[in-house]
Amino acid sequence: MLLQQLADGVATGAVYGALALAIVLVYRASRTLNFAQGELALLGAYVSWQLTAWGLPIWAALLVATAALAALSAGVERVLVRPLVRRHQALPLIIVTLGLMIALNAIIGWVWTYQTKEVPALFGSGAVEIGGVAVSRQDVGIVLTVLVVAVALGVLFELTPVGLRMRAAISAPESAELSGISTGRTMTAGWAIAGAVGAVAGTLIAPELFLHPGMMTPVLIYAFAAATLGGLDSPPGALVGGIVVGVIENLAGSYLPHGSDFKQVVALAIIVVVLLVRPQGLLGRREVVRV
Amino acid sequence: MSTTATRPARTSGGGTTRRGGGTVAEWLRRPRPPLAPPRWLAVLSTVGAAAALLVVPLVNPSYVNLTVTLVMVWTIVGLGLNLLVGFGGQVSLGHSAFFAIGAYAVAVAGEAGWAQPAALLVAGVVPFVVGYAIGLPALRLHGLQLGLVTLALAMATPAAIRAFEPLTHGSRGIGIDGTPPAWVPLDHDQWVYYLALAAASLGYVVTRRLARGRLGRSFVAVRDAELVAETLGVNTWQTKTRLFATSAAYAGVAGGLYALLLEFVGPENFNLTLSISFVTLIVVGGLATVPGAVLGAIFVQYVPTLTSSISPAATGATYGVVLILFAFFVPHGLAGLARAALGPLVRRVPGRPKA
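Residues numbered from 1 in each chain as written. Chains lettered and ligands numbered in written order. Predicted model: local features only at pLDDT ≥ 70, side-chain atom pairs only at ≥ 80, totals over all residues.

Going by an unreviewed UniProt entry, chain B carries the name Branched-chain amino acid ABC transporter permease and comes from Isoptericola haloaureus. The UniProt entry for chain B carries the following text under Subcellular location (unreviewed entry): "Cell membrane". (UniProt positions renumbered as here; feature names shortened; annotations may be inferred.)

Here's what the structure looks like:
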């Protein structure tokens, strides 16, 4: 029973981790939280669904949705976000991503209605047995996909010249700019990757949660909890945080009284405790402000 | 002062084509001082508005009174939230939680047989205390993190209400008796209207004094330059916590009035959508302006009525698009536009401006 809960927790946690990864990538690029991250992922899931409804196989639909969301996310950065980042307007920036969140959600509901849609599972139905625990094929696929995405991004950031430039632009924007790196372009790239990762997360979780316009809001809050736990500027932290949050959520849901209701409170509790005890998160770096 | 300092730099930087396009946007974005009408005009318009507001519930059918009362309820939330966000620079996406606490305070106090004004007082005090308790740790955080905590708070509110079943009766909600006391010769809608009017007027006056006084300036100082404010002797942490608690109290009183007005509270009334409409209210009305709360309240009360005839999704789409547009082009909101439009007129009115 406990092992089963853990396994389920790891699978949902992988999706939280993926969305948290998107949040972290955006935070690193623009020093802001993208409250629309969940709705962008939701849009990715809907694009995937629409394409499969038009007869595309699910893996092809996922590829197209990922590319489309990367482009859209890059566009959002370029048009809505960068002017405000350049003017150092933190509050308007929050208002804009909040507005985008509401607008996207409403438009999705408008276009695709509020009825539940069924997205085909990328990895087929049925379960496999791992160490005496039955895990659905989709769950195994989710964990593996998120791992592959994480490793690919790790390689991109740590081992390629592009990744080096991106890290430089993040850790020392002015020096990077002086040595010929376009920080604007790296910001856009960060958002594009975040959009793509989000689309993958949305499409992967859709068969399990059933696709409807309210699907991503709770996922987003868990992803925020995961990103906070892992450290807002740490991509590996986001994944670790995601798994931990997924497991805690699953255990709380089954072992606490009023479990399903308290699940909602779990995210709040995690965020508050982490921010009080270790505001930089597990793997994040403490921010030091010079007066 | 800042406009005169930046304008020459802008115009010399941009070419002629940019300048033509830039001026409209810049005109919209320019900060403006509050209108300073001569004393006689200020008194006259205040008396006129007060008289009109006092007469409204006596001559209108109850559904009109209901919507106007709701506008006043939203105004109270807006006044408090704008103190926090506009003047204090702290983001809260969780004011639906304090609104809910106020509403439930009135409901529970009503069940215990308390008089309504006493229940409303409780509706202000409890959120103040809760806000203080949440503010103590949360305000050590900077803006984004506070936004995150309050977002999670808003999402957790309906679930938390359901979980405290002995007090809140879970999903069944609580019915409230909103009939006026025996000595008041008014109908329910008129009675709640006058309660709301009293609370909103009090809130308005208090907010204006706060905003223009020493406290308001310390809020703005903390918002704009926290470290500088601290070196000048402002206790930033205490300022922020009190501000958060005060703003929560406003939302609580508004929630209490809302409960009296609808005579029912249930967990689903207090979701994230409500919090978002509060944020929309202050952004549309005008951040860091006091009259903005009224204009924003009118917006969030009447615009959904218009848009819901198009599609159930239209309200959300409108709020979202309006938030983005205002953040970019109208940072001082409708109140800023009103200042821009009326400023030149008011300046021409004869008479000495009010000190």
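Before going further, it helps to spend a moment on the overall build of chain B. Each helix and strand in chain B was counted, giving 16 helices and 2 strands. Relative to the globule expectation of 20 Å for 355 residues, the C-alpha radius of gyration of chain B, 21 Å, shows essentially globular dimensions. Here the C-alpha coordinates of chain B stretch approximately 65 × 45 × 45 Å along the principal axes. Classification of the 355 residues of chain B by burial places 48% in the buried group. (Helix = DSSP H or I, 4+ residues; strand = E, 2+ residues; numbered from the N terminus. Rg over C-alpha atoms; globule rule 2.2 N^0.38 Å. Buried ≥ 20, exposed ≤ 12 C-beta atoms within 10 Å, placed from the backbone.)

As a further point, take the pairing of strand E1 (residues 127-130) of chain A. Residues and elements named next belong to chain A. Where E1 meets strand E2 (residues 133-136), 4 bridges bridge the pair, whose relative direction is antiparallel. When the bridges of E2 are listed, Ala127 appears paired with Ser136. In this antiparallel pair of consecutive strands, E1 and E2, the connection spans 2 residues, and Gly131 shows a positive phi of 55°. (Pairing = 2+ DSSP bridges.)

On to the interface of chain B and chain A. Counting from both sides, the interface comprises 34 residues of chain B and, opposite them, 35 residues of chain A. For the side of chain B that touches chain A, the elements supplying multiple residues, two or more each, are helix H7 (143-163), helix H13 (272-285) and helix H15 (314-329) of chain B. Looking at the side of chain B that touches chain A element by element, the count peaks at 15 residues for H7 of chain B. Among the residues forming the side of chain B that touches chain A, the class breakdown is 26 nonpolar, 7 polar and 1 charged. (Contact = placed C-beta atoms within 7 Å. Nonpolar A, V, L, I, M, F, W, Y, C, P; charged D, E, K, R; others polar.)

Below, the discussion takes up the packing of helix H10 (residues 214-224) of chain B against helix H12 (residues 236-262) of chain B. Residues and elements named next belong to chain B. With their axes 10 Å apart at the nearest point, H10 and H12 run at an angle of 110° to one another. Comparing their axes, H12 and H10 come out roughly perpendicular. Where H10 crosses over H12, the two elements pack in a sense that is left-handed. In this structure, H10 contributes Ser218, Phe219 and Val222 to the contact, and H12 contributes Thr236, Thr239, Lys240 and Leu243. Grouping the constituent residues of the contact of H10 with H12 by class yields 3 nonpolar, 3 polar and 1 charged. (Axes fitted to C-alpha atoms, helices over the stretch in contact; angles between N-to-C directions. Parallel < 35°, antiparallel > 145°, perpendicular 65-115°, else oblique. Left-handed = near helix turned anticlockwise from the far one by under 90°.)

If you want to describe how two helices pack, look at the angle between their axes and the distance between the axes. Residues and elements named next belong to chain A. Two numbers describe how helix H1 (residues 2-30) lies on helix H8 (residues 183-209): the axes approach to 8 Å, and their chain directions differ by 165°. If you check the angle between H1 and H8, you find them roughly antiparallel. Crossing angle aside, the handedness with which H1 passes H8 is left-handed. Contacts between H1 and H8 pair Val15, Ala18, Leu19, Leu21, Ala22, Leu25, Val26, Arg28, Ala29 and Ser30 from the former with Thr186, Met187, Gly190, Trp191, Ile193, Ala194, Val197, Gly198, Val200, Ala201, Leu204 and Ile205 from the latter.

With that settled, the discussion passes to helix H4 (residues 90-112) of chain A. For an α-helix, the turn length of 3.6 residues means that residues three or four places apart are oriented alike. All names here are of chain A. Taking 1.5 Å per residue, 23 residues should reach 33 Å; H4 reaches 33 Å between its end C-alpha atoms and fits that length. Burial within H4 is extensive, with 18 of its 23 residues counted as buried. Among the residues trailing H4, Thr113 stands out with phi positive, at a value near 60°. (Expected span 1.5 Å × (residues − 1).)

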